[in-house]
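# Structural overview
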Amino acid sequence: MSRHKEFDFENLPRASKDIYELRMKAPDLTGLAGAVRTTCGDTITPDAISDAIAARLDGESLSIPVLAVKGASGAGKTLVTTAGVHGDEYEGMEAIYRTYEALDPSNLSGTFVAVPVVTLPAFWQATRANPVDGLNMARIFPGSPSGSMSERLAALMLEKVFRHADLYIDLHSSGRNNAMMTLVGYASLGRQAETARAAAECFGAPLIWEHPKVSPGRTLTETLKLEIPSLYTEARGGGAAHPDDVDCYTRGLANLVEFLGMAKLPAAGLEADYEPLRLCGDGDVDVSMKSGCSGLFFSDARVGMRVKQGELLGVIRDLDGTLLEEVRSPRDGVLVMFRTNPRIFAGEILVVVNA
Ligand SMILES: [Zn+2]
């Protein structure tokens with residue numbers, strides 16, 4: 001049973017604030033229960049997860065919520081934001097809800113469009129990848145209208161949502177297994193570079209990370225092809241939504257609303273004495289330092305600390321206590337990300353150190 005109108009950017013009414021939905025062909029959930037059983041927590045049954053996803057099924061379609069606010073004049077810029085591209089990253093979701101609640105169409109010049117939980121099945125399973133097809137949504141853009149669920153969802157997001165943006169920000173955090181510095185990142189390439197840099201500077205995150213290139217498959221990879229100034233965020237994560245990070249993202253969205261001349265929200269502004277750390281690098285966590293063995297990782301490192309090449313960052317032990325691996329910094333730099341879940345398999349990310 002349909003609860004909201006289908007999202008159609010071109011026909012959003014002026015002076016409106018409403019919840020819509022993106023509709024896509026319902027995924028086949030029959031294989032989900034088996035896939036979930038091996039990875040979910042011990043109090044959540046596969047049926048509960050399937051039922052939660054099924055609650056947004058309407059006959060043959062799955063609905064993804066979209067929140068949209070359009071100003072009275074119909075003029076102005078469009079800010080598009082997403083969260084939940086990965087299902088275990090929550091800060092952006094709450095920041096989006098707060099921003100939507102704070103926006104008043106009668107005082108808005110422009111349009112705010114937000115998809116708070118992009119990969120619904122991954123949210124209910126609390127996983128990075130989409131359990132329906134096992135794909136990482138942030139590696140498969142632009143997707144395909146005839147592909148698997150993740151690929152179809154990526155294509156739908158591009159067509160129905162992203163391409164309308166004057167500025168796009170994809171709200172991530174480090175997910176259940178890692179910790180990451182709270183940051184805003186942007187790509188310094190193409191004609192959008194200067195606008196993206198200015199937007200990143202006004203967001204208000206403790207770290208601003210400039211990337212001279214963007215790897216294939218990301219949401220930003222495609223928005224940059226459309227020359228849309230594009231940002232993303234990361235935060236401590238660890239399966240939680242730290243209140244400070246939710247506040248940072250909420251303030252950041254308010255700052256972007258103001259940056260685009262759309263409105264002035266109470267949450268806007270910068271912390272007193274705001275002086276971010278600025279880094280430049282490829283920022284691709286896929287090429288981080290990986291574990292060479294499986295076991296138990298312990299580290300007393302903290303994200304944001306400066307480290308020296310060769311400095312001991314942690315150890316990996318076998319379950320009988322045998323030291324398997326000493327984890328040492330690959331270079332001088334800042335510890336941007338590291339593993340917080342002690343159980344680690346060979347090949348999983350240990351640390352990211354940015355020069
Ligand atoms: Zn993510």
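Residues numbered from 1 in each chain as written. Predicted model: local features only at pLDDT ≥ 70, side-chain atom pairs only at ≥ 80, totals over all residues.

## Focus on the environment of A102
Looking at the secondary structure, you find A102 in helix α3 (residues 91-102). Considering only alpha carbons, one finds A102 and G147, 45 residues apart in sequence, at a separation of 37 Å. Those residues in contact with A102 that lie beyond four places of it in its chain are L265, P266 and A267. (Helix = DSSP H or I, 4+ residues; strand = E, 2+ residues; numbered from the N terminus. Contact = placed C-beta atoms within 7 Å.)

## Description of the environment of C280
Note that C280 resides in strand β12 (residues 277-280). For C280, a count of 13 C-beta atoms within 10 Å gives the class partly exposed. (Buried ≥ 20, exposed ≤ 12 C-beta atoms within 10 Å, placed from the backbone.)

## Considerations on the domain arrangement of the chain
Interface size, as often reported, equals the accessible area lost upon joining of the parts. Taken as a whole, the chain is organised into domain 1 (5-280) and domain 2 (288-354). When each unit is reduced to the centre of its C-alpha atoms, the spacing between domain 1 and domain 2 is 29 Å. (Domains from an automatic or database assignment.)

## Details of the pairing of strand β7 (residues 167-171)
For a regular strand, the rule is simple: side chains alternate between the two faces of the sheet. Here β7 lies mainly inside the structure; five of its five residues are buried. Residues L167, I169 and L171 line one face of β7 and the alternating positions Y168 and D170 line the opposite face, and both faces are buried. Where strand β5 (residues 77-83) lies against β7, five bridges are found, and the strand directions are parallel. For T82, the partnering residue across the bridge sits in β7 and is D170. Two elements, β7 and strand β11 (residues 230-234), share four bridges in a ladder whose sense is parallel. Residue L171 lies in a different strand from β11, and its bridge partner there is T233. (Pairing = 2+ DSSP bridges.)

## Let's talk about unusual backbone geometry
Here F141 and P142 are connected by a cis peptide whose omega angle stands at 15°. Among the secondary structure elements, P142 is positioned in the loop between α4 (120-125) and α5 (149-160). Here the phi dihedral of A126 falls at roughly 60°; this positive angle occurs in a residue that is not glycine. Looking at the element boundaries, A126 is found in the loop between α4 and α5. You will see that D273, though not glycine, has its phi angle at about 60°, which is positive.

## Quick word on the sheet that holds strand β14 (residues 295-298)
Across the sheet, which stays open at both edges, the four strands sit in the order β17-β16-β14-β19 with antiparallel pairing between neighbours. Two strands bound the open sheet, and with one partner strand each, they are β17 (323-328) and β19 (343-344). Of the strand pairs in this sheet, strand β16 (residues 312-317) and β17 are connected by five bridges, and their pairing is antiparallel. In the strand pairing of β17, V315 is matched with E326.

## Describing the nonpolar core
Counting residues in hydrophobic clusters, the biggest one holds 103 residues, and the most contacted among them are V66, L231, L256, V257 and V351. Here this core takes eight residues from helix α8 (residues 243-259), the largest share from any one element. No fewer than three residues from each of domain 1 (5-280) and domain 2 (288-354) sit in this core. Residues in contact with V66, not counting those within four places in the same chain, are F7, Y20, E21, L22, V113 and V115. (Core = buried A, V, L, I, M, F, W, Y, C linked by C-beta atoms within 7 Å.)

## Re the confidence of the model for the chain
This prediction gives the chain a mean pLDDT of 92; 94% of its residues lie at or above 70. Across residues 35-41, where pLDDT falls below 50, the model places ten contacts with residues more than four positions away in sequence or in other chains. (pLDDT = per-residue confidence, 0-100.)

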